[in-house]
Amino acid sequence: MSESNHLIVSVEVLEQTDSTNRVAKDRAVSGAPEGTLLIAKQQSMGKGRLGRSFFSPKGGIYMSVVLRPRIPAERAVFITTCAAVAVARAIEKVSGLTTGIKWVNDIYIQGKKVCGILTEAGLDSETGVPEYVVLGIGINVEKQSVPEELKGIVGCLEEYTKVPVEGNKLIAEVWNEFAALYENLSAAVYMKEYRERSILLGRSVTVISSEGNYTAVARDIDEEGHLVIECEDGIRKLSSGEVSVRLQ
């Protein structure tokens, strides 16, 4: 991390853990300050969105940081969008590769997911303001033997570049970029770049919801981080959920 990074106050490196988000939440509940960062070389039970598992073999970068923003819970999505821009910038700086963002939390290169981001909050029941937010970032770096069901979906940085990706440099760049954007979290100055990096806009997508799946066209991402979609019955705004898109 650079000397100008005032966010990260401590770093703990684990050879292996079940989930860096789980450990970070334990630290947060125990009073760990904002900027407590955990990094693991491997996860046995990596967590994704909607309760899914996150493929986390040795050779990737898996890290979670404790944050304590004073923002309403519904604005916690800004942490995810802020982090997505930071990771996209960091990967490009270190590897020279071109990245794109799949709303709301995935980083893609050439049609494959190389990074997932998971934000989890512990809310104050009286104020509705998060007591803490744990931001988890998993980046696939080295070439891996990918499970059959993930082939064609999951990629890694070293698939796309002949130059080895220096893990420590990438970690430092991620948190330097994130710290700079996090200082102006509420201003959402990163939303324009987030929108420009989107791989969804103008494409037909499948919206996966509890009421059933349906097809729509992704039209925009608004200043609140909502995905604006056009359906048969008009325009809708998604604040959360899952969409899929055929990229290859």
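Residues numbered from 1 in each chain as written. Predicted model: local features only at pLDDT ≥ 70, side-chain atom pairs only at ≥ 80, totals over all residues. Heavy atoms only, no water.

Attention now moves to the overall build of the chain. Counting its secondary structure elements, the chain contains four helices and 12 strands. Relative to its length of 248 residues, the chain is compact, with a C-alpha radius of gyration of 17 Å against a globular reference of 18 Å. Referenced to the eigenvectors of the C-alpha coordinate spread, the extents of the chain come out at roughly 50 × 50 × 30 Å. Out of the 248 residues belonging to the chain, those deemed buried represent 53%. As presented, the chain carries roughly 11,900 Å² of accessible surface, and 47% of it is formed by carbon and sulfur atoms. Side chains of the chain carry 28 positive and 33 negative charges; the gap between the two charge centres is 4 Å. (Helix = DSSP H or I, 4+ residues; strand = E, 2+ residues; numbered from the N terminus. Rg over C-alpha atoms; globule rule 2.2 N^0.38 Å. Buried < 20%, exposed > 50% of the residue type's maximum accessible area, 1.4 Å probe, protein only. Areas by Shrake-Rupley, 256 points an atom, 1.4 Å probe, with all protein chains shown as cover. Lys, Arg positive; Asp, Glu negative; His and termini not counted. Charge placed at Lys NZ, Arg CZ, Asp CG, Glu CD.)

As a further point, take the sheet that holds strand β11 (residues 234-238). Read across the sheet, five strands follow the order β11-β10-β9-β8-β12 without closing on themselves; strand pairing throughout is antiparallel. One side of each edge strand has no neighbouring strand; the edge strands of this open sheet are β11 and β12 (242-244). This sheet shows a mean twist of 45 degrees between the axes of neighbouring strands, independent of strand direction. The pairing of strand β10 (residues 227-231) with β11 spans five bridges and is classified as antiparallel. Looking at β11, one finds that Glu230 is bridged to Ile235. (Pairing = 2+ DSSP bridges. Axes fitted to C-alpha atoms, helices over the stretch in contact; angles between N-to-C directions.)

Below, the discussion takes up the packing of aromatic side chains. Throughout the structure, instances matching the rule amount to three aromatic pairs. Taking 5.7 Å as the distance between ring centres and 85 degrees as the angle between the ring planes, the aromatic pair formed by Trp175 and Phe178 counts as edge-to-face. Separated by three residues within a single helix, Trp175 and Phe178 lie in helix α3 (residues 167-182), roughly one turn from each other. The two residues Trp175 and Phe178 agree in class, both being buried. Seen from their ring centres, Phe178 and Tyr182 are 5.3 Å apart, and the 20 degrees between their planes marks the pair as stacked. In this pair, Phe178 and Tyr182 both sit in helix α3, four residues apart, roughly one turn of the helix. The buried category is assigned to Phe178, whose relative accessible area is 1%. (Phe/Tyr/Trp six-rings, centres within 6.5 Å; stacked < 30°, edge-to-face > 60°.)

Moving on, we come to the side chain of Thr99. With respect to the element layout, Thr99 can be found in the loop between α2 (77-95) and β4 (100-102). A distance of 2.9 Å separates the side chain of Thr99 from the side chain of Glu92, its partner in a polar contact. Within polar-contact distance, the side chain of Thr99 engages the side chain of Arg197 at 3.1 Å. Look past the residues within four positions of Thr99 in its chain and what remains in contact with it is Ala88, Ile91, Glu92, Ile107, Tyr108, Ile109 and Arg197. (Polar contact = N/O pair within 3.5 Å; in protein donor to acceptor, adjacent residues only side chain to side chain. Contact = heavy atoms within 4.5 Å.)

Another aspect to go through is the sheet that holds strand β2 (residues 36-40). Spatial ordering of the open sheet is given by β1-β2-β3-β7-β6-β5-β4, a layout of seven strands whose pairing is mixed. Looking along the sheet, the strands with just one partner apiece sit at the ends: β1 (10-14) and β4. Adjacent strand axes in the sheet meet at a mean angle of 20 degrees when their direction is disregarded. Where α2 meets the sheet, its contacts fall on β3 (60-67), β4, β5 (106-109), β6 (112-123) and β7 (130-140), and the angle it forms with β6 comes to roughly 145 degrees. Set on the sheet, α3 makes contact with β2, β3 and β7; between it and β3 the angle comes to about 30 degrees.

Before going further, it helps to examine the layout of surface pockets. Counted as a void, the second largest pocket has a volume near 470 Å³. Ala76, Val77, Thr80, Ser239 and Ser240 are the residues nearest the centre of the second largest pocket, which is lined by 19 residues in total. Elements with a contribution of two residues or more to the lining of the second largest pocket: α2 and β6. For the lining of the second largest pocket, the element with the most residues is β6, which contributes five residues. Classifying every residue of the lining of the second largest pocket gives eight nonpolar, six polar and five charged. (1 Å grid on protein atoms, 1.4 Å probe; cavity = no way out; pocket = protein on both sides within 12 Å on 5 of 7 lines; lining within 4 Å. Points joined across faces, edges and corners; volume = space filled by probe spheres on them. Nonpolar A, V, L, I, M, F, W, Y, C, P; charged D, E, K, R; others polar.)

Our next topic: the pairing of β3. Most of β3 sits inside the fold, with eight of its eight residues counted as buried. On β3, burial covers both faces: Gly60, Tyr62, Ser64 and Val66 on one face and Ile61, Met63, Val65 and Leu67 on the other are all buried. Examined bridge by bridge, β2 and β3 share four bridges and lie antiparallel to one another. In the strand pairing of β3, Leu38 is matched with Ser64.

Bringing the packing of α2 against α3 into the picture now. Orientation of α2 relative to α3, taken along the N-to-C sense of each, is 140 degrees, at an axis distance of 8 Å. Put simply, α2 runs oblique to α3. Considering the relative orientation of α2 and α3, their crossing is right-handed. For the pair α2 and α3, the contacting residues are Ile79, Cys82, Ala83, Val85, Ala86, Val87, Arg89, Ala90, Ile91, Lys93 and Val94 in the first and Lys169, Leu170, Glu173, Val174, Glu177, Phe178, Leu181 and Tyr182 in the second. (Parallel < 35°, antiparallel > 145°, perpendicular 65-115°, else oblique. Left-handed = near helix turned anticlockwise from the far one by under 90°.)

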